[in-house]
Amino acid sequence: MRIQKVLIANRGEIAVRIIRACQELDISTVAIYSEADTTSKHVMMADEAYYVGKASALDSYMNITNVLAVAAEAQVDAIHPGYGFLAENEDFARACEDNGYTFIGPCPSIMSRMSSKIDARETAVQLGVPVAEGNTKPVRSKREAIHTAKRVGYPVLIKPSGGGGGRGLRVARNERELNEFWVMSEREANMSFVDAGVFLEKYMEKARHIEVQILADNYGNVIHLGERDCTIQRRHQKLIEESPSPVLSEELRRQILNAALKLARGIKYNSAGTVEFILDQDQNFYFIEMNTRIQVEHTVSEMVTGVDIVKEQIMVAAGEKLNFSQDDIANKGCSIECRINAEDPEQNFMPSPGLITFYERPAGHSIRVDDYVYSGYELPYFYDSLLSKVIVWGNTREEAMARMKRALNEFNIEGIKTTIPFHQQVLKHPLFIDGDIYTTFAQELVSDLVPLKNAAVK
Ligand code: ADP
Ligand code: ADP
Ligand code: MG
């Protein structure tokens, strides 16, 4: 089956990214836009653009009825959900298929199994993939939560089963904190997530986040594109990602990649997806979740493998076989990505939307910028603060770091505050340079910060 026209059910840099992939595949593109996005770049770049609702995401990018109404009007034959919004919404994936549109993602039943973190954990256990100690069923009462915490030992992490982007995660270091946080987490999960369950997991101190990019088709071909290290985070949200991880031995890398393949094969996965793990200080790794969609940081894997993951994802959804095998993938060099968010690192990362008076991107050898803004663009405050991703490639990690410093110094954004000064701090920090970091490193760095204003690195 040939896909000829795709609706991109998203906005921002990922909508632009998907439009570009479609253009190279000679597929027509249909953008949707909310009231707040009339001047967004994805709207200008798509072949057609349709209004989808008011500014609030629930009224527009997450409104299944409205999105499908555009699909019908524009007569598309496939829908790409991007990340966030409806990307892991099983009802949406099913509704697409029921209405005759190819959903560019895995089968809805596979998605539903993995989009609930608690079900995904259970699946991993069944398939012999290690998980951290914790619950295998949603926790129904505070008493049960305290019981679990006693069994696995503090600290524990309270997790909403339907969470994402770091939302709703809370570390409880003792029973008092668990009592306090439990109420908040339960209430929040009921309000914010489709899957309302909450569960506990042993919290690993000074851990690293390692994840594996998977590509799989409908014919049982499952390959990996290597791992990504996403240990630089703030509030459990990734800020810097790199591939390969600077800390894995060849043996440990092989074990993690194999565990990810085992999981993807075991569930008959059939799209691009990511299997996420936590690596503890003793080099034990534990499955934490699978993202059944394209991820923000897919770009670093593209840089080291040369594979266009979004194009492959579209072709697989169209029923094509992967036209390469694991042996054809040769990861080369090192790639790093910095997420440029409209946030003020000097004010506790407070959102900083508004008018971008001047915008000039870095350029030059092996630098890629995925963004959606321009000089004179008014950044709306309704959505994610990610405005741009700087991705570099280097023969070695040293070269990639030097190139990233150059790219960040060249980046010129005026009118709003961004995370660029924060990234500059991280890049010159000896522990980051040595790769000797853990998931709370960035947060600690921010708290004892030398003034960010003087952070520009030469
Ligand atoms: P991860 O979810 O592992 O952090 P990414 O780094 O690719 O994956 O982030 C995707 C983005 O999608 C997040 O920054 C967030 O904005 C959004 N997102 C993902 N899942 C959810 C969810 N359940 N609720 C709200 N936003 C989400
Ligand atoms: P999300 O869907 O929000 O991305 P994840 O389960 O992927 O949720 O966890 C997000 C982040 O929280 C991880 O990248 C890691 O930093 C931290 N985290 C998750 N589980 C654990 C754990 N068991 N121990 C320590 N840190 C964890
Ligand atoms: Mg995650």
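Notes on the structure follow. Small disclaimer: the values here were computed from a predicted structure and weren't measured.

Rules of the game
- Residues numbered from 1 in each chain as written.
- Chains lettered and ligands numbered in written order.
- Predicted model: local features only at pLDDT ≥ 70, side-chain atom pairs only at ≥ 80, totals over all residues.
- Heavy atoms only, no water.
- Near = heavy atom within 4 Å.
- Polar contact = N/O pair within 3.5 Å; in protein donor to acceptor, adjacent residues only side chain to side chain.
- Nonpolar A, V, L, I, M, F, W, Y, C, P; charged D, E, K, R; others polar.
- Domains from an automatic or database assignment.
- Buried < 20%, exposed > 50% of the residue type's maximum accessible area, 1.4 Å probe, protein only.
- Helix = DSSP H or I, 4+ residues; strand = E, 2+ residues; numbered from the N terminus.
- Arc of directions from axis to C-beta.
- Contact = heavy atoms within 4.5 Å.
- Pairing = 2+ DSSP bridges.
- Axes fitted to C-alpha atoms, helices over the stretch in contact; angles between N-to-C directions.

### Here's the deal with the site of ligand 1
Phase 1 of the analysis: Lining the immediate environment of ligand 1, one finds 18 residues, of which K238, N291, R293, R339 and D384 sit closest.
Phase 2 of the analysis: Between ligand 1 and Q237 there is a distance of 3.4 Å, counted from an oxygen atom to a side-chain nitrogen or oxygen.
Phase 3 of the analysis: R339 is positioned with one of its side-chain polar atoms (N or O) 2.7 Å from an oxygen atom of ligand 1.
Phase 4 of the analysis: The residue makeup of the shell around ligand 1, split by class, is two nonpolar, eight polar and eight charged.
Phase 5 of the analysis: Both of domain 2 (133-202) and domain 3 (208-449) provide at least three residues apiece to the shell around ligand 1.

### Concerning helix 3 (residues 64-74)
Phase 1 of the analysis: Those residues of helix 3 that fall on the buried side of the exposure criterion are V67, L68, V70, A71 and A74. The arc enclosing the buried residues of helix 3, seen along the axis, measures out at 155°, which places them on a common side. Facing away from the buried surface of helix 3 by more than 90 degrees, the exposed residues are T65 and E73.
Phase 2 of the analysis: Packed against the buried residues of helix 3 are strand 1 (5-8), strand 2 (28-34), strand 3 (48-53), strand 4 (78-80) and helix 4 (90-98).
Phase 3 of the analysis: By the N-cap criterion, in which a side-chain oxygen at the helix start approaches the backbone nitrogen of a residue two or three places on, helix 3 is capped by N63, the distance to T65 being 3.2 Å.

### Things to note about the sheet that holds strand 7 (residues 170-172)
Phase 1 of the analysis: Taken in spatial order, the three strands line up as 7-6-8 in an open sheet, and their pairing is antiparallel. Each edge of the open sheet is held by one strand with a lone partner, namely strand 7 and strand 8 (198-202). Across the sheet, the mean angle from the axis of one strand to that of its neighbour is 30°, orientation sign disregarded.
Phase 2 of the analysis: Sheet topology places strand 6 (residues 156-160) next to strand 7; three bridges connect them, and they run antiparallel. Bridge pairing in strand 7 places I158 opposite R170.
Phase 3 of the analysis: The sheet strands contacting helix 6 (residues 117-126) are strand 6 and strand 8, and the helix crosses strand 8 at an angle near 50°.
Phase 4 of the analysis: Packing against the sheet, helix 8 (residues 175-192) makes contact with strand 6, strand 7 and strand 8, and its axis sits at approximately 155° to strand 7.

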